[in-house]
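# Observations on chain architecture
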Amino acid sequence: MFVLDALNYASDWLDGSLAFRWSCRMGVCGSCGALVNGTPRLTCAAPIPETGEKVVIEPLHNFPVQKDLVVDIGDFMEKLGRVEPWIIRERERALEEGEYLQKPEQLQRYEQFGACINCMLCYAACPVFAADREFIGPAAAALGYRYNLDSRDEGAKERLDLLTRDAGAFDCTFVGECSTVCPKNVDPALALQRIKIDAALTSLKSITRRGK
Ligand code: FES
């Protein structure tokens, strides 16, 4: 029995007004996140201890609560769109020119960052986001960076600027809690550090070019 089963039981038999989100029940849709005994978890993947000890379930930290366990995800959705998590091409290839081919090793470069399911557990665990809600945050950074690593993409420079401006990647203090709580083994902390390095190298290159 998992925490989500307990929530469904409570909703079906004890209090039909209980508000919580879920969809797939298999750790894929990312909608059932909550704090379980103080830790951000997917409730469909958090087992109820067989020892019978008490389980405390709370809404995810760092988001406005709409009702019970339902939080407002509008801010995250806006940030996700802001980093342009899609393939950017200078010139779209015509259909008759065929598909964009990719080698397994090219897929491997970004695959783990693409496994993010937008569950926002990383935002609930991030102390930087807790202190500054403007911070772009772990998941948006990881998903934006995923496209910077994609061999089909030509928008890395533009995206790097979006990822580092204002309260961007440089605000990350590399606590690493985002990566610890990720249920899909994505490493957003790594993405954030690599974004910083890429941005620094890009600036250095443009300074060197100007000096010639
Ligand atoms: S219900 Fe979809 S991830 Fe838990």
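Bear in mind the structure is a predicted one, so any value in this text is a computation, not a measurement.

What counts as what
- Within any chain, residue numbers begin from 1 and follow the written order of that chain's sequence.
- Two thresholds apply to this predicted model, a pLDDT of at least 70 for residue-level local features and 80 or more for giving and counting side-chain atom pairs, whereas whole-chain, interface and lining totals are computed over all residues.
- Excluded from the side-chain calculations are hydrogens and water; all other atoms, namely the structure's heavy atoms, are used.
- Helix and strand definitions follow DSSP, with helices as H or I runs of at least four residues and strands as E runs of at least two, each counted in order from the N terminus.
- Note on exposure labels: buried denotes an accessible area under 20% of the residue type's maximum, exposed denotes more than 50%, and partly exposed covers the range between, all computed with a 1.4 Å probe on protein chains only.
- Charge convention: Lys and Arg are scored as positive, Asp and Glu as negative, and His as well as the terminal groups of each chain are ignored.
- The salt bridge criterion pairs a side-chain nitrogen of Lys or Arg with a carboxyl oxygen of Asp or Glu, the two atoms within 4 Å.
- Each domain's limits were defined by an automated method or a database of domain assignments.
- What counts as buried area is the accessible surface, traced by a 1.4 Å probe, that two parts surrender upon association, with contributions from both included.
- A 3.5 Å cut-off defines polar contacts: any pair of N or O atoms within that distance qualifies, except that in protein one atom must be a possible hydrogen donor and the other a possible acceptor, and neighbouring residues in sequence count only when both atoms are side-chain atoms.
- Lines fitted to C-alpha atoms define the axes here, with helix axes fitted over just the stretch in contact, and angles between the N-to-C directions of these axes take values from 0 to 180 degrees.
- Comment on the angle field: the value is read as roughly parallel under 35 degrees, roughly antiparallel over 145, roughly perpendicular from 65 to 115, and oblique elsewhere.
- The handedness criterion is simple: a crossing whose near helix is rotated anticlockwise from the far helix by less than a right angle is left-handed, and one whose near helix is rotated clockwise is right-handed.
- Contacts were defined at the residue level, with two residues in contact if any of their heavy atoms lie within 4.5 Å.
- Charged residues are taken to be Asp, Glu, Lys and Arg, nonpolar residues to be Ala, Val, Leu, Ile, Met, Phe, Trp, Tyr, Cys and Pro, and polar residues to be all remaining types, Gly included.
- Each nonpolar core is a collection of buried residues, namely Ala, Val, Leu, Ile, Met, Phe, Trp, Tyr and Cys, held together in the definition by side-chain atoms within 4.5 Å.
- Two strands are said to pair when DSSP picks up at least two bridges between them.
- In summary, the pairing rule links any two rings of Phe, Tyr or Trp, Trp by its six-membered ring, whose centres are within 6.5 Å, and it sorts them by plane angle into stacked for under 30 degrees, edge-to-face for over 60 and tilted for everything else.

The next thing to look at is the side chain of Glu84. Structurally, the position occupied by Glu84 is in the loop between α2 (74-82) and α3 (104-110). Arg159 provides the closest opposite charge to the buried, unpaired Glu84, separated from it by 5.3 Å.

Split into domains, the protein comes out as domain 1 (3-71) and domain 2 (74-211). On a C-alpha basis, the centroid separation for the pair domain 1 and domain 2 is 28 Å. Three residues, Pro40, Asn62 and Phe63, lead the burial of domain 1 against domain 2; their summed loss comes to 52% of the area buried on that side. Our enumeration of links across domain 1 and domain 2 arrives at zero salt bridges. Linking domain 1 with domain 2 are four residue pairs in polar contact (both at pLDDT 80 or more).

What follows is about the packing of helix α6 (residues 138-148) against helix α9 (residues 188-211). Packing of α6 against α9 brings their axes to within 8 Å, and their N-to-C directions diverge by 60°. Compared by their axis directions, α6 and α9 come out oblique. Of the two elements, α6 crosses α9, and the hand of that crossing is left-handed. Of α9, the residues touching α6 (which contributes Pro138, Ala141, Ala142 and Tyr145) are Pro188, Ala191, Leu192, Arg194, Ile195 and Asp198. For the contact of α6 with α9, the class distribution of residues is eight nonpolar, no polar and two charged.

With that settled, consider the nonpolar core. Counting 53 residues, the largest nonpolar core has Phe63, Tyr123 and Phe135 as the members making the most contacts within it. The leading source of residues in this core is α6, at six residues. Among the domains, domain 1 (3-71) and domain 2 (74-211) are the pair contributing at least three residues each to this core. With residues up to four places along the chain from it excluded, the contact list for Phe63 reads Val71, Asp72, Phe76, Met120, Tyr123, Ala124, Phe129 and Arg133.

For the rest of this paragraph, the subject is the pairing of strand β1 (residues 33-36). A regular strand places its side chains so that they alternate between the two faces of the sheet. Every second residue of β1 is oriented toward a common face, with Gly33 and Leu35 on one face and Ala34 and Val36 on the other, all of them buried. Summarising the sheet, β1 and strand β2 (residues 39-42) pair through four bridges and their orientation is antiparallel. The partner of Leu35 across the bridge, within β2, is Pro40. Here β1 folds back onto β2 in antiparallel fashion, the turn holding two residues, of which Asn37 has a positive phi close to 50°. Where β1 lies against strand β3 (residues 57-58), two bridges are found, and the strand directions are antiparallel. For Leu35, the partnering residue across the bridge sits in β3 and is Glu58.

Enumeration according to the criterion identifies five aromatic pairs in this entry. Considering the side-chain rings of Phe63 and Tyr123, the 6.2 Å spacing of their centres and the 55° angle between planes classify their relative orientation as tilted. Placement of Phe63 in the loop between β3 and β4 (65-67) and of Tyr123 in helix α4 (residues 121-125) is noted, with a sequence separation of 60 residues between them. Given a relative accessible area of 7%, Phe63 falls into the buried group. Arranged with centres 5.8 Å apart and planes meeting at 50°, the rings of Phe63 and Phe129 form a pair that is tilted. Taken as a pair, Phe63 in the loop between β3 and β4 and Phe129 in helix α5 (residues 127-131) lie far apart in primary sequence, 66 residues in all. Taken as a pair, Phe63 and Phe129 share a single burial class, namely buried.

Glancing now at the packing of α6 against helix α7 (residues 156-164). For the pair α6 and α7, the least separation of the axes is 9 Å and the interaxial angle reads 165°. Between α6 and α7, the interaxial angle falls into the category roughly antiparallel. By crossing handedness, the relation of α6 to α7 is classed as left-handed. For the pair formed by α6 and α7, the contact residues are Ala140, Ala141, Gly144, Tyr145, Tyr147 and Asn148 on the first element and Ala156, Arg159, Leu160 and Leu163 on the second. In the contact of α6 with α7, the residues fall into seven nonpolar, two polar and one charged.

Moving on, we get to the pattern of salt bridges. Here the structure, examined in full by the defined rule, presents ten salt bridges. Connected through salt bridges with shared partners, the residues Arg146, Asp150 and Arg152 form a single ionic network.

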